[in-house]
Structures are given as structure tokens and as C-alpha cells.
Amino acid sequence: MALALCLHNWACLEADCTEPAAATERPHDIRVLSYNVGNGLSEEPYALRTRDQAYEDHVGAQIRSLAADIVLLQEVLPPTTCDTFSERDPQRTCFDWRNREPAAKRMLGADYTVVCDGNKHVECIGVRTDFGRVQSVSEGGFSLSGADTPELPGPRCDAMDGKCNGRRDNCDTESSVSTIVVETARGAIRVVHAHPTAVGEVCLQNQVSQAFGLVDELPAVLGGDWNFDPTRGTDLVAASIWYGKVGKGRRFQSHSEQTSQCRLKRTSAGQKASLDRVVTDFAQGRCHIWESPRLDDGFDFEKLDGSRIDHFAVQCDLTFKDR
């Protein structure tokens, strides 16, 4: 009843402001990194993708330097896109793609097992091999569609073509929620990767429900680019679903940084919204947002063949509650 009332009373959602537990002085038990590596580029066939190979190499090196145990990458360039045309420029990311590792694997390297969603393969999960093993995938291997991925909960449309406009229940074909199970030294962990649609609010709300519906009795970490901010009223229905699962007295706890006004800190360069978040039901600690400096700083952007990544990386150094 309280959550239903929140749909008509923004203040009650706003008041649900639980600060993440402070990080301990001991080393982290698990590091989670969520990073939307797409950009604002609209030119096909690289729309929303990193097309400059030198930039991909730079970003990949920055990601690998953090040695995260679990990496959640959104808007990755899939090999299926490179298969739609012939790239002749060796400085671009689809050049000679058949003879190279896929982009997600190139960015993470040999120390990671990489598994992508079963929809458009643009949302990928990397698991560091010294942290855990992904069920049904060889150690250090790559699976294009190995993550369990529910069907889109609404009519499919293509946001890049503008065909998603005007229908609240439309689902962008690239959106998805997906999950894998990781076997670690401490037991199995369920990882849920969420990137619901940015257009079609009913579909987004259903995908948020899908994400939490994928959890079972296993300890779980959920993260990604959620495409709404529960503390700024970007979608009150999605916020009510979120607060039904996340917060004081609920199964999941948020690890996001907050402002003094109890808002989640922004994670996107283009808007004042917290779209990228990580929650767990087994850990404590706060996430760090790579806003200043940004994780991809140090690149010569004057030479960038395409747009810069428009999200900030979110790094979460967490300790187990029962340790």
C-alpha cells in the first residue's frame, strides 16, 4: 500500500534515503565495475558504438587496470554488426573482425571469461578468471549469447530509426536484462545485468521487474545502466518497483554514492541522472563514480574518430557482510 501511495506522492519516495554502509579498511572481497561504453554517435553502422580502434584500446587498458572481479559492459560493438558491411579502414573497430576477438573480449582481455546477452549481444558480463568460473563457458572464453535472457516484455522497435516513439509499451530491440551464475571460492553468485529500454516507459518498468525476477536463493549482484533515476522522479512506477526491492529492510542494498540532498550522484555526462547502479544482497561498501577524472581520460580526443563515451564508469569495492 505504501508503495502504491508513492505513485501519487513523490515525497515518500524521496524520503527513502538509506546511505550505503561505509567501506571497511580491509581489502575488498569483490570489485564490480559497470560501464556503458557506447556514445552519442548516430552514424551507421557504428551508431552508439566505439568505432575508433585506438580509443577502444585506450578504454580497454583503463578497464583492465582496475582488475574488477565482475565487469558489466553496456552498448558493446557486437560481431553481428561488423558482419553487416565490409570495413576497409584499419583504424576502425570492425576492420578484419573475423580474425580478431570480439570487442568485449578485446577490451577485457585474456584474464576474463565474457558472456553476452541472448538478444542483440551488446550487453556483456566479464568475470575475472581468478575470481570465478561461469557455468557452461570455458575459462577465459567468450560466449556471444550465453547469458540467460528473457524475452522482451512488449512489442519490439528500433530506437535508432525513431520507430519506438509514441508507444508506451514499446521495447527497443537492443534493451535486455540477462543473468549468469558464477562459481567462486565462496560459493555460487548470481549476476544480473540490466539495461532496460530508454524509450517506452511500460517496457522499462516491466524490464526492471524482470531483472529482480531473475534472482533466486543465491547471493546476487544486480547492476548496469537502468535508464531511470529513482531519486529524481524520472519514472515513478519504476521507482516504486525499485524501492520495493532495494533499501532499508529489503533484500537488496544500494551501493551508490549520494549527494547531500539525498539524490544519487549523476553517472552520465549529458544529464543530471543516476542511470548506472549496482545493488547486492550480500555485501557492504560504496561505489565510486569516475566523473573527475573520467576513466577514459588521457586519450587525445582531438584525434577521436567518433564520439566520446557518454557515461561514467561505476566502480564498487565491496566486502562481504559475514566476513
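Once a new chain begins, its residue numbering starts again from 1 and follows that chain's sequence as written. The model is predicted, so local features are restricted to residues of pLDDT at least 70 and side-chain atom pairs to those at 80 or more, both for listing and for counting; the totals for chains, interfaces and linings are taken over all residues. Based on all heavy atoms of the structure, the side-chain values leave hydrogens and waters out of the count.

## A word on the pattern of salt bridges
Note the following rule: Every case where a carboxyl oxygen of Asp or Glu lies within 4 Å of a side-chain nitrogen of Lys or Arg is listed as a salt bridge. Comment: elements are numbered from the N terminus, with helices defined as DSSP H or I runs of at least four residues and strands as E runs of at least two. Buried, partly exposed and exposed residues are distinguished by accessible area as a fraction of the type maximum, computed with a 1.4 Å probe on protein chains only: under 20%, between the cut-offs, and over 50%, respectively.
In total, this model carries 18 salt bridges according to the counting rule given. Asp111 is the salt-bridge partner of Arg128, the closest N and O atoms lying 4.0 Å from each other. Here Asp111 lies in the loop between helix H5 (103–108) and strand S3 (112–117) and Arg128 lies in strand S4 (residues 124–128), a separation of 17 residues in the sequence. Looking at Asp111, the relative accessible area reads 41%, which means it is partly exposed.

## Focus on the state of the cysteines
The condition that has to hold: Counting rule for disulfides: a pair of cysteine sulfur atoms within 2.5 Å.
Using the criterion set out here, one finds five disulfides in the structure. A sulfur-sulfur distance of 2.0 Å marks the disulfide that ties Cys82 to Cys94. Handedness of the Cys82-Cys94 disulfide follows from its S-S torsion of about -75°: it is left-handed. Taken together, the residues span a long stretch of sequence, with Cys82 in helix H4 (residues 79–82) and Cys94 in the loop between H4 and H5 at a distance of twelve residues. Judged by its relative accessible area of 4%, Cys82 falls in the buried class. Two residues, Cys116 and Cys124, share a disulfide whose sulfurs are 2.1 Å apart. In this structure, the disulfide formed by Cys116 and Cys124 twists by about 95° around the S-S bond and is classed as right-handed. For the pair shown, Cys116 and Cys124 are each scored as buried.

## Overview of the sheet that holds strand S5 (residues 132–134)
Put simply, the test is: A strand pair is defined by DSSP finding two or more bridges across the two strands. Two residues form a contact once any of their heavy atoms are found within 4.5 Å. Note on definitions: angles span 0 to 180 degrees between N-to-C directions of axes, and those axes are lines fitted to C-alpha atoms, for helices only across the stretch in contact.
Sheet architecture is open: six strands sit in the order S5-S9-S10-S11-S13-S12, paired in mixed fashion. Across the chains shown, the open sheet's two edge strands, defined by having one partner strand only, are S5 and strand S12 (253–254). In this structure, strand S10 (residues 187–195) lies alongside strand S11 (residues 220–225), joined through five bridges in parallel fashion. Within the sheet, the bridge partner assigned to His193 lies in S11 and is Gly223. Of the strands in this sheet, strand S9 (176–184), S10 and S11 touch helix H6 (residues 201–213), which is tilted by about 15° from S9.

## Some thoughts on the pairing of S9
Burial analysis of S9 places eight of its nine residues in the buried class, the great majority of the element. As defined by bridge partners, S5 adjoins S9 across three bridges and the pair is classed as antiparallel. Within S9, the position partnered with Val134 by the bridge is Val182. From the end of S9 to the start of S10, which pair antiparallel, there are two residues.

## Remarks on the packing of aromatic side chains
Formally: In this analysis, rings of Phe, Tyr and Trp, with Trp reduced to its six-membered ring, are considered paired at centre separations within 6.5 Å, and the interplanar angle assigns stacked below 30 degrees, edge-to-face beyond 60, and tilted for intermediate values.
Applying the stated criterion across every chain, the model contains ten aromatic pairs. Centre to centre, the rings of Tyr55 and Phe301 are 5.8 Å apart; their planes meet at 70°, and the pair counts as edge-to-face. With Tyr55 in helix H3 (residues 53–66) and Phe301 in the loop between strand S15 (287–289) and strand S16 (314–320), the pair connects residues that are 246 residues apart, well separated along the chain. Each member of the aromatic cluster is reached from another via a ring pair, and the members are Phe212, Trp226, Phe228, Trp242 and Phe252.

## Remarks on H3
Formally: Helix span, expected: 1.5 Å multiplied by one less than the number of residues in the helix. Residues adjacent in sequence count toward polar contacts only when both atoms are side-chain atoms; beyond that, a polar contact is any pair of N or O atoms within 3.5 Å, and within protein one must be able to donate a hydrogen and the other to accept it.
Relative to the 20 Å expected for 14 residues at 1.5 Å per residue, H3 spans 20 Å between its end C-alpha atoms, a close match to the ideal helical length. Listed as buried for H3 are Gln53, Tyr55, Glu56, His58, Val59, Gly60, Ile63 and Leu66. The inward-facing, buried residues of H3 abut strand S1 (30–36), strand S2 (70–74), H5 and S16. With a side-chain oxygen positioned 3.2 Å from the backbone nitrogen of Ala54, the residue opening H3 is Asp52. After H3 finishes, the residue Ala67 shows a positive phi value of roughly 50°.

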